Amino acid sequence: MTVHASNRQLHLQTSRQLQRTLYRAAKRSRERRFHALYDRVYRPDVLWRAWEEVRANGGEAGIDGVSIADIEKAGVPEFLGGIVDDLKARQYHPKPVRRVWIPKADGRKRPLGIPTVRDRVIQQACRIVVEPVFEATFEDCSYGFRPKRSAKQAITVVQDALVRGWYVVDADIEGFFDTIDHGLLLSLVGRRVSDRGILKLIRQWLKAGVVEQGVYQRTEKGTPQGGVISPLLANIYLHVLDRYWTQECGALGKLVRYADDFVVVCRSRSQAAEAMRSVQALLARLRLTLHPDKTRIVAADAEGFDFLGFHVHKFRSNRSGRVAPYVWPSVKALKRVRQRLKELTSSRWLLVSLRVIVRWLNEVIRGWRQYFACGNGTRQFQAMDHYLRMRLWRFFRRRSGNRAKGSTVYDRYMRWIQGCGVEHFYHRGIFSRAS
C-alpha cells in the first residue's frame, strides 16, 4: 500500500466526497440505518487521511511503546497495509489503553486513556466514515467536537440568549465519561448504523480495558477520555438529551451543550427550576446523574457563571444604561495561563536561548488569544501583558547574573524586549463575535 505526497490531496478529496455522500443520504432519511460501512474504514484514502490526522495531533505511545516516529521510521505504507489486512480478515483486536492522570485546576486529577497509535488510526478512520451519518441528525444546540463548530460559537449563543434570559441552569454531569452505559450506547449507535463490523469495532474499543502501572483492569462502563472515537460517542449518547429538549422542553429555556458541559438559559427562576428537574429526568433515562455540588441555578446579573473557560455576567452598560450580558476569560483560565507563562520563564530554562523562549511563549499567547478573542476581555488581556513583561524582566535579570548593575541590565532588557518578537495578548480590535 504505497502513496506519494502528490496523491495525499486526492485522498483527502475522495474521503471528503465519501463523507458528503453519506451525510446527504442520512439527511434525506432520518430513519435510515446504514448497513455497509465497514469496508469503507479500510479504504486507502480513508486510512491515509486518518494517519495524517493522528500524526498532526501528536500524542504519546500506548502500552506497546510504539510512537508515531517509530512508525514513520519503519514505513507508513507497511503500517497501513497491516491494518488493511487485519480489518479485511476481521482479525483486528485493539490493545488496552494506557491510563495516566492529568492534574486539574482544583488540585484533583482526571484519568486520560492513551490508545496505541495503531488503534488511534483505526478509530479515526471509523470516525471519518461514521460521523457524517450522525451529523445529519445532531441538534443545533450541540457544539462540542463537531465539524465547523466551536466553543466560541457556543459562548455567542449563550450571550444572545441572556439578552432576555436571567437565570441559568449551570449543569455538571457527574463522571460522565466514566459512567456511560455500554449497552445503551451501542443501542443508540445501532439506531443509525446496523453494520455488524462497525458495531463490533466500537464494542471492542469500549471493552478493551485499561492498564495502569502495569495492572490490567476491565472496563464495564464508560469510554476513555483520550480515545479518538470518544467525543463522537459522547455526542451520540447525549443526542437523546438534545433531541428531547428541542422537541419537548424548548419553552423552558435555551440549551447549549459542549460535550458533557452544558447550560440552560431561562427567563425566570421558576422556569430554571423546572428545567433542572427536566434535565435530571432526561439524564436518568441515560443512567447519568447531575453532580450535586457543581450543578446550580444562577442569577446571571447577581453572580454570573463560568462556561467553557469564559465567565458570563450581566451588567448595566455605562453607555446605554441597559443591562446586557458580557463575557471574559474566567479566573481559572487566567490562573492556568499565568502558570504556563511562569513555567516557561522559570530558572530551569536559563541556559536555553532567548529566541527559543520567545517562540514557546508566542505559541501559548497565540493559542490563548485566538480562543478568548471574543467578548469583553480587554482588561484581562492587558493584565496578562503586564504579567508577561514582569516574568520576562525577572527571567532576563536572572540570566544576567548577580554582578550586573541594575540600570545596565534594565537598559539591555528594554532594548531586547522591543525587538525580540514576543507577542502581545491584547491587540486593539481583536475582540469580535464568534464566527
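Above: the structure in question.
Report on the accompanying structure. (Residues numbered from 1 in each chain as written. Predicted model: local features only at pLDDT ≥ 70, side-chain atom pairs only at ≥ 80, totals over all residues. Heavy atoms only, no water.)

1. Quick notes on a positive patch on the surface
Judged by side-chain charge, Arg16, Arg20, Arg24, Arg28, Arg32 and Lys148 come together as a positively charged surface patch. Within the secondary structure layout, arginine 16 lies in helix H1 (residues 5-28). Note on arginine 16: relative accessible area 41%, which makes it partly exposed. (Patch = residues over 30% accessible without salt bridge, like charges linked within 9 Å, V, L, I, M, F, W, Y side chains within 5 Å. Areas by Shrake-Rupley, 256 points an atom, 1.4 Å probe, with all protein chains shown as cover. Salt bridge = Lys/Arg side-chain N within 4 Å of Asp/Glu carboxyl O. Lys, Arg positive; Asp, Glu negative; His and termini not counted. Charge placed at Lys NZ, Arg CZ, Asp CG, Glu CD. Helix = DSSP H or I, 4+ residues; strand = E, 2+ residues; numbered from the N terminus. Buried < 20%, exposed > 50% of the residue type's maximum accessible area, 1.4 Å probe, protein only.)

2. A few points about the pattern of salt bridges
Following the criterion strictly, the structure yields 23 salt bridges and no others. Residues glutamate 135 and arginine 146 are paired through a salt bridge, measuring 2.9 Å at the closest nitrogen-oxygen approach. Taken together, the residues glutamate 135 in helix H6 (residues 117-135) and arginine 146 in the loop between H6 and helix H7 (151-161) connect sequence positions eleven residues apart. What makes glutamate 135 buried here is its relative accessible area of 13%. Among the salt bridges present, the one from glutamate 220 reaches arginine 218, with a minimum N-O distance of 3.1 Å. Among the residues examined, glutamate 220 registers a relative accessible area of 47% and is labelled partly exposed. Several salt bridges share partner residues, and in doing so they unite Arg49, Glu53, Arg127 and Glu131 into one network.

3. Some details on helix H14 (residues 354-372)
With 19 residues, H14 should reach 27 Å at 1.5 Å per residue; the first-to-last C-alpha distance of 27 Å fits that figure. At the N-terminal boundary of H14, the capping side chain belongs to serine 353, with an oxygen 3.2 Å from the backbone nitrogen of arginine 355. (Expected span 1.5 Å × (residues − 1). Polar contact = N/O pair within 3.5 Å; in protein donor to acceptor, adjacent residues only side chain to side chain.)

4. As for the pairing of strand S11 (residues 323-329)
Note that strand S10 (residues 310-316) and S11 share seven bridges and pair antiparallel. Residue pairing for S11: histidine 311 is matched across the bridge by tryptophan 328. In this structure, the hairpin formed by S10 and S11 is closed by a connection of six residues, where glycine 321 is found at a positive phi of approximately 80°. (Pairing = 2+ DSSP bridges.)

5. With respect to unusual backbone geometry
The bulk of non-glycine residues show a negative phi, and the bulk of peptide bonds are trans. In this structure, glutamine 213 takes a positive phi of about 55° despite not being glycine. Residue placement: glutamine 213 occurs in the loop between strand S4 (210-212) and strand S5 (215-217). Taking the relative accessible area as the measure of exposure, glutamine 213 reaches 80% and is therefore exposed. Notably, arginine 287 is not glycine yet its phi reads approximately 60°, a positive angle. Of note, arginine 287 is situated in the loop between helix H12 (269-285) and strand S8 (296-299). Accessibility expressed as a relative area gives 53% for arginine 287, which makes it exposed.

6. A few points about the sheet that holds strand S2 (residues 109-114)
In space, the four strands of this open sheet follow the order S2-S1-S4-S5, with mixed pairing throughout. Strands at the two margins of the open sheet, each flanked by one partner only, are S2 and S5. Neighbour to neighbour, the strand axes of the sheet diverge by 40° on average, direction disregarded. With two bridges joining them, strand S1 (residues 97-103) and S4 adopt parallel strand pairing. (Axes fitted to C-alpha atoms, helices over the stretch in contact; angles between N-to-C directions.)

7. Section: the sheet that holds S11
Pairing between sheet strands relies on hydrogen bonds along the backbone, with the strands arranged either parallel or antiparallel. In space, the three strands of this open sheet follow the order S9-S10-S11, with antiparallel pairing throughout. Each edge of the open sheet carries a strand with a single partner, namely strand S9 (305-307) and S11. Taken pair by pair, the neighbouring strands of this sheet meet at an average axis angle of 35°, ignoring direction. Pairing between S9 and S10: three bridges, direction antiparallel. Residue phenylalanine 307 lies in a different strand from S10, and its bridge partner there is phenylalanine 310.

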